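# Structural overview for review
The chain contents come next:
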Amino acid sequence: MSGVARMQAIWLLLVTVFMLTSVIGLHAQLAGEGAIQGRVVDPTGAIIPSAVVTATNVATGIKTVRSSTSSGVYVLSPLSPGEYTVSVSAVGFAKSVQEHIVVNATQSVGLDVKLTIGTQTESITVTDAPPALETTNATLGQTMENKTYSALPLEVNGGPRDPTAFAGLMPGVAGGGPSGSFNGAGGPAGRVNEIYVDGMPVTAINMQGNPGVVSQAISVDAVDQFQVITSGASAQYTGMGVSNFNIKSGTNKFHGSAADFLRNTMFDSWGFFAKAATTQSLVNGVPTTVPAPKPGEHQNEMALTLGGPIRIPHVYDGRNKLFFFTSFDKYHQTYGVNPSFYSIPTLLERQGNFTELNYNIYDPTTYNACTAANNGTPCTYPFQGMVNGVLTNNVIPQSELSPQSQYMQKFMPAPTVPGTQNNLLTGTPGGTNNWELTARIDYQITPNQRFSVLSNSGVKSYIGLDGGGLPPPYTNARIVKSLTANGILEHNYVITPHLVNNLKYAYIRSWAPALDPWMNIPQYEAGTAVGIGNLPPGQAQLTFPNVKFAGFADNPTNWPTSNNNSYDQYVDTYEIMDNLQWTKGQHNLTFGLLYQWLDQNDGTETPTGPLPLNYSSVNTAGYKAGKVANTTTGNSYASFMLGAVNSSSMSVQPFTQLGARFKAISPNVEDDWRVNSKLTLNLGLRWDILTPYHEVLDRWSFLNMTDINSAMGNKGALQFAGNRKYSCHCTTPVNT
């Protein structure tokens, strides 16, 4: 081998060693479970092979049995979080029993056992808990149990208690954006950590590390413990930082809880500055500043849990074998009207009478006649109409009023105070209704097989409308009801005392429809009710128009029914994870694979949004020296009454549904190598294979910089995905 080749080989070896040793952390445990590992030796320190090591879960009575290898190494994994008693026995030695070993999820407890000479009928029991020292890896992180954080001041404040709220208390955690907990960056830069539920990632195609999957589907009382790992996570985990939420399980004893958290105005004291606060109110019909009442407070959260063995008297006893746990959380909040002033047309203006204005409005239909009489200089005549038999300026003749405009204004309430601006004091009550449900069953089928089913779901719905201001149908509001759900199936199988397989399947869904509350209500339909013809199909026909007013003075508050189409969004994730753990000699090897199908289905209710109608004072402005005087004359509502639309635009979507598809494949391998009693090497390698995005029916296009543009004759042409005549015969521009 030449010198250059030798140096290249050395550098390759160093890089490989660096990659293998750069992933150090929660080893021996499998997919969010816990573990106990160590060595069995005699009084001289010599290894004891084939020793039987048994871990008994104190709460459930379930036993996990393994044997030490030829190097004296044993691994008890996977273990559900909880307290354990570990016994070790071998021929020619007294039995050793260690009590009060606490195992947390995602962590491995190191326990080396020294057996003394004796008979197997003898037993030495240690009742003191072993020291809480992390001797099996170099992970940086922390565990918080439910009894700790449920005792902390979790507020019911605009939503139910949030199990993710105390992640910021962990060392190495900084607040960030939607999922920027570990670097404080926020936004796209912050979406680098990952959140796990019982060891399964809750990744979505549009966001990694979204805490909403937990906070909107899992109650505080359903979480047994959570872990935050800031560095040193094993190759099983993705993300630059890991949070894992472990859900409670049933035990051999029935346990339950019931709690109610209440916040109400009658219990609240005045804030320091609260008595100095003011609000607007009508006093004898006059807007008046008055002292504000005590801020409204109406929140209630009810929490119920129950868990234990599944027992049917005289038929089946599930103790030590079959367990259940369930949790239900119901949150309700209402808030009253917080009134604000809005500007609406006066009763006279709705009849075409604008005599309350201190400037003139002009009739655009007189442009030709006025201009001809003015020797070709552009002009229009002021509006004049009959009032009590008298010809009066600023009155639009009834013959010129738009029937469509007269219909659209018919739902408007009367002003509450005089004037043309801020003449309606109103508001919209509202609130939220949330519920969260968790159900879990754990079944120890045989001493070598365990099966678990977990389901979490939650719904957040608004009481009334999300948004509001003016009364229907003049307000920008949506019917919003979001659903979050996730479920996990898990199967553990002990193939041999040294070979264990852990298989998990998970499903995560977030569904967030935002629907138009006025669509398909006959009296609000722009086509049949308002009478606007030749509209494209969809919301443009079936809902109230989106009306806006612009001008130099006296503009009503806009009637923005909605700027966008109503839509549904379904974000689905399907995951399968398998980890095979093999303990051989001084090595504990884990071979893992995570396969994720990530989907996002976006759809609008119809191919069009609400019809936009923009009205301006320009259409009823006069002229000065042949130029439009729209800064001193004209009124946008007068233009509305004429039906003089200043501008409008609309697009018709060729299709209303899109389906994004993405797959991620992550093989990984780890080796916990117990070199000697004082040195353990945690080696791991993970490869995240991120396949290209594609649309489920190839409904997308992209710019191909190498294809010849037939119109221009140079490189750079628009291509469409798919296998049709004018398509690229591909699903993605990425060369895979």
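Keep in mind that this is a model prediction, so the values were computed, not measured.

Here the focus is the overall build of the protein. Broken down by element type, the protein carries 9 helices and 45 strands. The 736 residues of the protein split such that 45% are buried. Contacts in the protein between residues far apart in sequence, at least 24 positions, make up 70% of those at least 6 positions apart.

Before going further, it helps to examine the pattern of salt bridges. Scanning the model with the defined rule gives 15 salt bridges in all. Put simply, Arg440 and Asp442 hold a salt bridge, and the shortest N to O gap is 3.1 Å. Taking relative accessible area as the criterion, Arg440 reaches 7% and is therefore assigned buried. Residue classification places Asp442 among the buried residues on the basis of a relative accessible area of 8%.

Further remarks concern the side chain of Glu194. On the secondary structure map, Glu194 appears in strand β11 (residues 194-197). Buried charged residue Glu194 carries no salt bridge. Nearest counter-charge: Arg686, at 8.0 Å. A distance of 2.4 Å separates a polar atom in the side chain of Glu194 from a polar atom in the side chain of Thr203. Setting aside its immediate chain neighbours within four residues, Glu194 contacts Pro201, Val202, Thr203, Gln208, Gly209, Thr238, Gly239, Gly241, Val242 and Ser243.

Take the side chain of Gln600 next. Looking at the element boundaries, Gln600 is found in strand β36 (residues 587-604). Filtering out sequence-adjacent residues up to four positions away, Gln600 remains in contact with Ile205, Asn206, Gln569, Tyr570, Val571, Leu658, Gly659, Ala660 and Arg661.

On to the sheet that holds strand β2 (residues 52-57), then. Pairing within the open sheet is mixed, and its 5 strands lie in the order β3-β2-β5-β6-β9. Each end of this open sheet is capped by a strand with a single partner; those strands are β3 (63-67) and β9 (123-126). Mean inter-strand twist for the sheet, computed between neighbouring axes without regard to direction, equals 20°. Bridge analysis of strand β5 (residues 82-89) against strand β6 (residues 95-103) gives 6 bridges, and the strand direction is antiparallel. What sits directly across from Tyr84, in β6, is Ile101.

A few words on the environment of Asn714. Tracing the backbone through its elements, the reader meets Asn714 in the loop between β44 (701-708) and β45 (715-720). Residue class for Asn714 comes out partly exposed when judged on its relative accessible area of 40%. Filtering out sequence-adjacent residues up to four positions away, Asn714 remains in contact with Asp707, Ile708 and Asn709.

Right, let's get into the state of the cysteines. What the rule picks out here adds up to 2 disulfides. Two residues, Cys370 and Cys379, share a disulfide whose sulfurs are 2.0 Å apart. For the disulfide bridge between Cys370 and Cys379, the dihedral angle about the S-S bond is near -115°, and by the sign convention the bridge is left-handed. The exposure class of Cys370 is buried, given its relative accessible area of 6%. Residue Cys379 is classed as buried on the basis of its relative accessible area, which comes to 11%. With cysteine numbering restricted to those in disulfides and following the sequence, the protein has the pairing 1-2, 3-4.

Before going further, it helps to spend a moment on the environment of Ala529. Within the secondary structure layout, Ala529 lies in helix α7 (residues 526-530). Separated by 122 residues in sequence, Ala529 and Tyr407 place their C-alpha atoms 8.2 Å apart. Beyond its immediate sequence surroundings of up to four residues, Ala529 is in contact with Tyr407, Pro522, Gln523 and Tyr524.

Okay, a nonpolar patch on the surface next. Taken together, the side chains of Ile441, Ile445, Phe451, Val453, Leu489, Leu503, Tyr505, Ile576 and Trp597 define a hydrophobic patch exposed on the protein surface, amounting to about 660 Å² of accessible area. For the nonpolar patch, the secondary-structure elements that each account for two or more residues are β28 (430-446), β29 (449-463) and β32 (499-511). Judged by relative accessible area, which is 38%, Leu489 ranks as partly exposed.

Further remarks concern the pairing of strand β26 (residues 390-393). As paired elements, strand β25 (residues 384-387) and β26 share 4 bridges and run antiparallel to each other. Its bridge partner lying in β26, Val387 is registered against Val390. Counting the residues in the hairpin turn of β25 and β26 gives 2 residues, including Asn388, whose phi is positive at 55°.

Backbone torsion omega between Ser77 and Pro78 reads 0°, so that peptide bond is classified as cis. Its location among the elements puts Pro78 in strand β4 (residues 73-79). Geometrically, the link from Pro472 to Pro473 is a cis peptide bond, its omega value of 0° lying close to zero. Note that Pro473 resides in the loop between β30 (466-467) and β31 (477-496). Positive phi, close to 55°, is recorded for Asp554, a residue that is not glycine. Mapped onto the fold, Asp554 is located in the loop between β34 (546-550) and β35 (567-584). You will see that His729, though not glycine, has its phi angle at about 55°, which is positive. Tracing the backbone shows His729 in the segment after β45.

The relation between two aromatic rings is expressed through the spacing of the ring centres and the mutual angle of the planes. For the coordinates displayed, the defined rule picks out 25 aromatic pairs. Pairing Phe549 with Tyr615 gives two aromatic rings, centres 6.2 Å apart and planes at 25°, and the pair type is stacked. One end of the pair, Phe549, is in strand β34; the other, Tyr615, is in strand β37 (residues 612-616), and 66 residues separate them in sequence. No difference in accessibility class separates Phe549 from Tyr615, as the two residues are buried. Grouped by ring-pair contacts, the aromatic residues Tyr407, Phe411, Tyr474, Trp518, Tyr524, Phe544, Phe549, Trp559, Tyr615, Tyr637 and Phe640 constitute a single cluster. Sitting above the plane of the Phe655 ring, Arg699 keeps its charged end 5.4 Å from the centroid.

With that settled, the discussion passes to the confidence of the model for the protein. Looking at the protein, the pLDDT average stands at 85 and 88% of residues meet or exceed 70. The least confident element of the protein is helix α1 (residues 3-21), whose mean pLDDT is 44; the most confident is helix α9 (residues 636-642), at 97. Low pLDDT (under 50) marks residues 9-26, which in the prediction has 33 contacts with non-local residues, meaning those over four places away or in another chain. Throughout residues 183-189 the model reports pLDDT below 50, and contacts reaching past four residues in sequence, or to other chains, amount to 15 contacts.

On to the nonpolar core, then. Counting residues in each nonpolar core, the largest one holds 34 residues, and the members touching the most others are Phe354, Ile396, Met408, Trp559 and Phe640. The leading source of residues in this core is α9, at 5 residues. Contacts of Ile396, omitting those with residues within four sequence positions, involve Gly352, Phe354, Ile361, Phe383, Leu401, Ala638, Met641 and Leu642. Tyr149, Val197, Val202 and Val213 belong to the second-largest nonpolar core, a separate cluster that totals 28 residues.

Now for the environment of Leu425. Mapped onto the elements of the fold, Leu425 is located in strand β27 (residues 424-426). With relative accessibility at 18%, the residue Leu425 sits in the buried group. Note: C-alpha distance between Leu425 and Leu470 (45 residues apart in sequence) is 9.4 Å.

The rules behind each value
Residues numbered from 1 in each chain as written. Predicted model: local features only at pLDDT ≥ 70, side-chain atom pairs only at ≥ 80, totals over all residues. Heavy atoms only, no water. Helix = DSSP H or I, 4+ residues; strand = E, 2+ residues; numbered from the N terminus. Buried < 20%, exposed > 50% of the residue type's maximum accessible area, 1.4 Å probe, protein only. Contact = heavy atoms within 4.5 Å. Salt bridge = Lys/Arg side-chain N within 4 Å of Asp/Glu carboxyl O. Lys, Arg positive; Asp, Glu negative; His and termini not counted. Polar contact = N/O pair within 3.5 Å; in protein donor to acceptor, adjacent residues only side chain to side chain. Pairing = 2+ DSSP bridges. Axes fitted to C-alpha atoms, helices over the stretch in contact; angles between N-to-C directions. Disulfide = S-S within 2.5 Å. Patch = residues over 30% accessible without salt bridge, like charges linked within 9 Å, V, L, I, M, F, W, Y side chains within 5 Å. Areas by Shrake-Rupley, 256 points an atom, 1.4 Å probe, with all protein chains shown as cover. Phe/Tyr/Trp six-rings, centres within 6.5 Å; stacked < 30°, edge-to-face > 60°. Lys NZ or Arg CZ within 6 Å of the ring centre and 35° of its normal. pLDDT = per-residue confidence, 0-100. Core = buried A, V, L, I, M, F, W, Y, C linked by side-chain atoms within 4.5 Å.

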